[in-house]
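Residue-level structure breakdown
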Amino acid sequence: MGSTRGALARSGVVGGIAVTITALAASVAMAAPTAPPEDPELAPRSVSARIATLPCDPAGPSTSDAQLAGELNPRLRNTMAGYLDAYRMSCARVVVQAVRDRGLNPKAAAIAISTTIVESTIRNYAEAVDYDSLGLFQQRPSMGWCEPAQCVDPVYATNSFLDGMEREFPGGSWNTESIGRVAGQVQKNLESERYRYEVEAGDAVIIADALWNGSRRGAHPHPSGRVVSARSADGRLEVFAAGADGVSHAWQTAVNGGWSEWEFVGGPRDAQLAITANKDGRLELFALSGNTFDHMWQNAPSAGWSGWANFGGGGYRVAVGNNADGRVEVFASNLNGVFHKWQTGPATWSGWAGTGGPANSRLAMEAAPDGRLEVFALSDTTFGHLFQTAVNGGWSAWEDFGGGGHDLAVSHNADGRLEVFASGPVGVFHRWQPEPTSWSGWEGTAGPANAELTSARTVDARVEVFAINADTAAHIWQTNRNAPYSSWETFGTGGAEIAAGGNADGRVEVFGAGNAGVFHKWQTGFTTWSNWIWLNSTAGPAIR
């Protein structure tokens, strides 16, 4: 065989028979992939100095490419850790945009990025590396991928790769497979080398997500409540639950994998929780009780946690999100209205500032398509709404958004338009943006009365809403991207709280809590679910 500098040797030709889809349940508990062996030919420093490259963007790398590379480097864990630069980021940006222009989702972008990391360390090679392999994806003209000039056109090469992906995994079935499996099957590498794509999958998700959301712009807040979940920088989900004695914490022991035992971390009792990522990728948790407001944070991306530090006095509910520039913004309600506090630097905060708004309101936050944050506040009698008047800027006055209710959830369509759900005595109601700056009227959906609500987005970018009350749990989902919703379907028995998170491979994971503890249920396929089970060997804290 010829040289494999910076690329993996191909074991077959483009195309082939359709793949039998392995049940995704088998991959849920899959162990983290082992690190690749030392291979100087695959290291960015050794390859880049010897092989000629072409620009990916005709205009060249931008200032924002360099800035984003600097932000992401500390969060990466494998081949690209410390080696992202403006050029590589510009190439990744072009790839992600090509995926988006094709109408596919962020998982498809992560699959493509994982492939370019392994094949070329995200460099558009202008000379043959392995036989006649060229470009970001190391595609071979002799194997029918492209003509030589097309192989080094990043948009054409990305679409050629996606053609192969849709041929190998028809009907969108790549959505239910691991990133590494899809990439290896499309690239037709030797079986012994295909694991490398899975090794890079976590970093590929980080890069693709950041580019899909325009760096921090459009980074969407996580739902808040007595149970919250978010992904660490390395792709593992973390979950926190607030019980009568304080806060407990569990985390995935591998990306898309199983869970640790519960660890008690103290903090306020019976707290309302909110979680977000700092600009450098460290998760930060906020815990608000009637008397105390504390926060704790990861000491480094994906690392251990600090102790609790006071963040203010007590209150009722809390929501957090990120400005378009990455700075964290915190809103909390009490009997005097809604207050906020924001980062003035990486580890510095403003004082609390009052905004008015409904007293003792439940809070939710979302990001508009242009990166402006929007806040929704629902009390027993009033529904208010305010928004940033400019990206990273000041705030509007409160607007009337409807009558009172029990709980709320906010999400966003694939095209960025916001979706708002509110529960009350007669079920769940829905309001949405027909255009980015206008709102529909309220529309009833039926559903459980006086339910706790949360939402998530499926791997193909459809909004899914989950509701739980003392008697039942139910869910509805968009029947297509940016489309109307299904009827409500039973999701389980009753409880006190429901939360949702997204695995690195796009599968939704739902957490239901009550007096018996915390349980979870996860997608085993594109539209199928596991049964409810304990998160680990114990039920975890009771949630009232």
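All residue numbers here refer to positions counted from 1 along the written sequence of the relevant chain. Residue-level local features of this predicted model are given only where pLDDT is at least 70; pairs of side-chain atoms are given and counted only at 80 or more, and the full residue set underlies all totals for whole chains, interfaces and linings. Based on all heavy atoms of the structure, the side-chain values leave hydrogens and waters out of the count.

If you check an unreviewed UniProt entry, the chain appears there as PLL-like beta propeller domain-containing protein from Actinokineospora iranica.

**Quick word on the sheet that holds strand S25 (residues 489–493)**
Should DSSP find at least two bridges between two strands, the strands are taken to pair. A helix here means a DSSP run of H or I that spans at least four residues, while a strand means a run of E at least two residues long, and both kinds are numbered starting from the N terminus. Here 4 strands make up an open sheet; going across it, the order is S22-S23-S24-S25 and the pairing antiparallel. Because the sheet does not close on itself, it has two edges, and the strands there are strand S22 (452–457) and S25. The mean inter-strand angle of the sheet, taken between neighbouring strand axes irrespective of direction, is 25 degrees. Strand direction decides the pairing type here: S22 and strand S23 (residues 463–468), joined by 6 bridges, are antiparallel. If you follow Glu 452 over to S23, its bridge partner there is Ile 468. An axis is simply a line fitted to the C-alpha atoms; with a helix, the fit covers only the stretch in contact. Between two such axes, the angle follows the N-to-C directions and lies from 0 to 180 degrees.

**A short note on the packing of aromatic side chains**
When the centres of two rings from Phe, Tyr and Trp lie within 6.5 Å, Trp using its six-membered ring, the rings pair. Their planes under 30 degrees apart give stacked, over 60 give edge-to-face, and anything left gives tilted. Applying the stated criterion to the full structure yields 22 aromatic pairs. Arranged with centres 5.3 Å apart and planes meeting at 65 degrees, the rings of Phe 376 and Phe 401 form a pair that is edge-to-face. With Phe 376 in strand S15 (residues 373–378) and Phe 401 in strand S17 (residues 399–403), the pair connects residues that are 25 residues apart, well separated along the chain. Neither Phe 376 nor Phe 401 differs from the other in exposure class; each is buried. We call a residue buried when its accessible area falls under 20% of the maximum for its residue type, exposed when it is over 50%, and partly exposed in between, using a 1.4 Å probe and counting protein chains only.

**Focus: the pattern of salt bridges**
Any carboxyl oxygen of Asp or Glu that lies within 4 Å of a side-chain nitrogen of Lys or Arg is treated as forming a salt bridge with it. In total, this model carries 20 salt bridges according to the counting rule given. The salt bridge partner of Arg 194 is Glu 191, with a shortest N-O separation of 3.4 Å. Overall, the relative accessible area of 15% leaves Arg 194 in the buried class. With a shortest N-O distance of 2.9 Å, Arg 362 and Asp 380 are connected by a salt bridge. Placement of Arg 362 in strand S14 (residues 362–367) and of Asp 380 in the loop between S15 and strand S16 (382–387) is noted, with a sequence separation of 18 residues between them. On the basis of relative accessible area, Arg 362 is assigned to the buried category, the value being 9%. For Asp 380, a relative accessible area of 58% corresponds to the exposed category. Among the charged side chains, a network of salt bridges with common partners joins Asp 57, Asp 65 and Arg 93.

**A look at the environment of Trp 395**
Looking at where Trp 395 falls in the secondary structure, it is placed in the loop between S16 and S17. Residues Trp 395 and Thr 355, 40 residues apart in the sequence, show an inter-C-alpha distance of 8.6 Å. Throughout, a residue-residue contact means that at least one pair of heavy atoms, one from each residue, lies within 4.5 Å. In this structure Trp 395 touches Glu 329, Phe 331, His 340, Leu 373, Val 375, Leu 386, Phe 387, Gln 388 and Thr 389, once residues within four positions along its chain are discounted. Counted as a polar contact is a pair of N or O atoms within 3.5 Å, where, for protein atoms, one must be capable of donating a hydrogen and the other of accepting one, and residues adjacent in sequence contribute only when both atoms are in side chains. A distance of 3.5 Å separates polar atoms of two side chains, one belonging to Trp 395 and the other to Glu 329.

**Quick word on the state of the cysteines**
Note on disulfides: each one is a pair of cysteine sulfur atoms within 2.5 Å. For the structure shown, the criterion picks out 2 disulfides. With its sulfur 2.1 Å from that of its partner, Cys 56 forms a disulfide with Cys 91. The S-S bond linking Cys 56 to Cys 91 shows a torsion near 85 degrees; that makes this disulfide right-handed. Taken together, the positions of Cys 56 in the loop between helix H2 (44–48) and helix H3 (63–72) and Cys 91 in helix H4 (residues 86–101) put the pair 35 residues apart, joining distant regions of the chain. Just as Cys 56 is buried, Cys 91 falls in that class too. Assigning the bonded cysteines of the chain consecutive numbers by sequence position, one obtains the connectivity 1-2, 3-4.

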